[in-house]
Amino acid sequence: NRFNAEMVRFLRKEIGAKQLINAGNWKTSPHVHLNDAERYSFTASEVIGVNRYYGGKHEGEASNWAILDGQHFTDPSVLFNPRSLPTNLKQVAGHPMIISESSWVPPVSYQSEGPFLVSLFQSLTGVDGFYWFTSSEPQWRQPSSANRFRPSLGKWVIDTPEILGNFPAAALMYRKGYIQQGTPVIQEHRRLDEIWQRRSPLIAEEPTFDPNRDRVFAQPRANSSAPINPLAFLVGPVEVSYAPTTDQGTDQSKITDISPYIDESQQHIRSNTGEIEWAYGQGICTLNAPKVQGVTGFLKAYGQLELNEISIDSQNTYATVIVISMDDEAIATSKKLLVQVGTRTRSTGWEQRAISWPDEDGTTHDGFEILNYGEAPWRVENTDVTLAIQNPNLTTALLLDMNGMIQREIALENNGTQQIVHLPHNAKYMVLQ
């Protein structure tokens, strides 16, 4: 903390830096017992940040920066692994909290869930900033070399159909405040002497994961020494404050009973706002708010989904569907709605085969071998979605292209109580008005 305070003083007083300062380090070990010590050291600066990615195992030549034939990878969806969501953070009270680097890292293919889930849980918990890594083109990036000359695919890219392409609705619902922030479920108060003695906290985050810096693949595991279920991060904000050794410490901690919101036997989580539900056994997460409703996950297996004003029927194995107001009115009365769909994307000619392989530690992984990393252009899985919306004001459906330009009008059906639209196979964005 003293070192960070001196660095802040130097930057402010001697350099004249006026921007917000984020103290940073990579990570601690052991994570459970030292993470709070690290976070306390960051309080010398205004902003507290951490790098947290989501992805799978990826091994082989140049796998830290490129996608090549012969590499091995796993392809997990976070929808079955809620404890691995990057926004699951214990935030220091009184300090803005940011995730300074993150992505759903290729070659993982379940990417359309990322912008949706980040927007939901950033809104719910009050995480202040999320920086996607990285974009080097001013617009879309087609599948291309990782370093401009070696035949390969770029790994650290976000300006793709299923990441950047799913920003518009996700960004709008976050920036407009359409999703409620929850009330804190944990407000942990820690004395510094407890931290120096490495006593266990009430709740601990999963260790951060970065596929380049972490030798061991980060799998969720029980924090047996932390008494509160880490799924609490998905119910509402989790906060921590630090105090001198003479303070009363944990006597001032406030803990909300989260049992009404978490059913581990049914593998189900509900936010304390009531707007977000995550059935992680089925790989489905839904949002049900007045001005925005949607779902991400394995829709075909789930069947028809009923939200407050919207019914979603999809034959896509996996998809993300969002319906959001563009005129600040509730979905039931809005005169202009945006529909956004994400599926899965691969490069043209991509080939893979299922394999199992042992890593250098002898752990066996079930995943895939890349047989052909492909070429441009992107091949996007067709949309197969039918929407029914309870809104009598809607009369027209407009199909947009990837740049938001109108392509053509699509028929709307009226069954007496709902407006029904069968989305074309190339539907990424539509406007209903």
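Up top you'll find the structure we're talking about.
Scoring rules and cut-offs
- Residues numbered from 1 in each chain as written.
- Predicted model: local features only at pLDDT ≥ 70, side-chain atom pairs only at ≥ 80, totals over all residues.
- Heavy atoms only, no water.
- Buried < 20%, exposed > 50% of the residue type's maximum accessible area, 1.4 Å probe, protein only.
- Helix = DSSP H or I, 4+ residues; strand = E, 2+ residues; numbered from the N terminus.
- Pairing = 2+ DSSP bridges.
- Right-handed = clockwise from strand over helix to strand, strands pointing away.
- Contact = heavy atoms within 4.5 Å.
- Axes fitted to C-alpha atoms, helices over the stretch in contact; angles between N-to-C directions.
- Core = buried A, V, L, I, M, F, W, Y, C linked by side-chain atoms within 4.5 Å.
- Parallel < 35°, antiparallel > 145°, perpendicular 65-115°, else oblique.
- Expected span 1.5 Å × (residues − 1).

**Student:** Got a minute to help me understand the pairing of strand β2 (residues 47–51) in this structure?
**Tutor:** Every other side chain in a regular strand lies on the same face of the sheet, so the side chains alternate between the two faces. Most of β2 is tucked away, with five of its five residues classed as buried. Every second residue of β2 is oriented toward a common face, with V47, G49 and N51 on one face and I48 and V50 on the other, all of them buried. Bridging between strand β1 (residues 22–23) and β2 involves two bridges; their strand directions are parallel. Within β2, the position partnered with A23 by the bridge is I48. Crossover β1 to β2 through helix α2 (residues 31–42) is right-handed. Relative to strand β7 (residues 97–102), β2 runs parallel, the two being bridged by four bridges.

**Student:** How should the sheet that holds strand β10 (residues 186–191) be read in this particular structure?
**Tutor:** Whether parallel or antiparallel, the strands of a sheet pair through hydrogen bonds between backbone atoms. With mixed pairing, the four strands of this open sheet are ordered in space as β6-β11-β10-β12. With one partner strand each, in any of the chains shown, β6 (90–92) and β12 (254–255) form the two edges of the open sheet. Sheet topology note: the β10/β12 ladder contains two bridges and is antiparallel. Counted as the bridge partner of I186 is I255 from β12. Contacts from α2 reach β6, β10 and β11 (238–243) within the one sheet, and its direction differs from that of β11 by about 70°.

**Student:** Before we go on, may I ask you to explain the sheet that holds strand β23 (residues 351–358) in this structure?
**Tutor:** Across the sheet, which stays open at both edges, the four strands sit in the order β3-β5-β24-β23 with antiparallel pairing between neighbours. The outermost strands of the open sheet, each flanked by one partner alone, are β3 (58–59) and β23. Of the pairings in the sheet, the one linking strand β5 (residues 72–73) to strand β24 (residues 364–372) comprises two bridges and is antiparallel in character. Following the sheet pairing, F73 is matched in β24 by F368.

**Student:** How should the nonpolar core be read in this particular structure?
**Tutor:** For soluble globular proteins, nonpolar side chains are generally found buried alongside one another. Formed by 65 residues in total, the largest nonpolar core has its most connected members in L117, L120, F121, M173, W278, L287 and V292. Among the elements that take part in this core, helix α3 (residues 113–125) stands out by supplying six residues, more than any other. Residues within four places of L117 in sequence aside, it is in contact with V78, L79, L85, W278, C285 and T296. Judged by nonpolar contacts, the second largest core, of 26 residues, contains I284, I310, A319 and V321.

**Student:** Explanation requested: the pairing of strand β26 (residues 385–389) in the structure shown.
**Tutor:** Among the five residues in β26, four count as buried, and that is most of the element. In this structure, strand β19 (residues 310–314) lies alongside β26, joined through five bridges in antiparallel fashion. Directly across from I312, in β26, lies its bridge partner L387. As defined by bridge partners, β26 adjoins strand β30 (residues 419–422) across four bridges and the pair is classed as antiparallel. Bridge assignment links A388 to a residue of β30, and that residue is I420.

**Student:** What is the right way to read the packing of α3 against helix α4 (residues 167–175) from this model?
**Tutor:** How two helices sit against one another is set out by the angle between their axes and by the gap between those axes. Relative to each other, α3 and α4 sit at 5°, their axes nearing to 9 Å. Put simply, α3 runs roughly parallel to α4. In contact with P115, F116, S119, L120, Q122 and S123 of α3, α4 contributes F167, A170, M173 and Y174.

**Student:** Would you explain α2 in this entry?
**Tutor:** Because each turn of an α-helix spans 3.6 residues, side chains separated by three or four positions in sequence point in the same direction. The terminal C-alpha atoms of α2 lie 16 Å apart, and with 12 residues this matches the ideal 16 Å at 1.5 Å per residue to within 8%. By the criterion of burial, α2 is predominantly enclosed, with 10 of the 12 residues buried. Buried within α2 are the following residues: H31, V32, L34, N35, D36, A37, E38, R39, S41 and F42.

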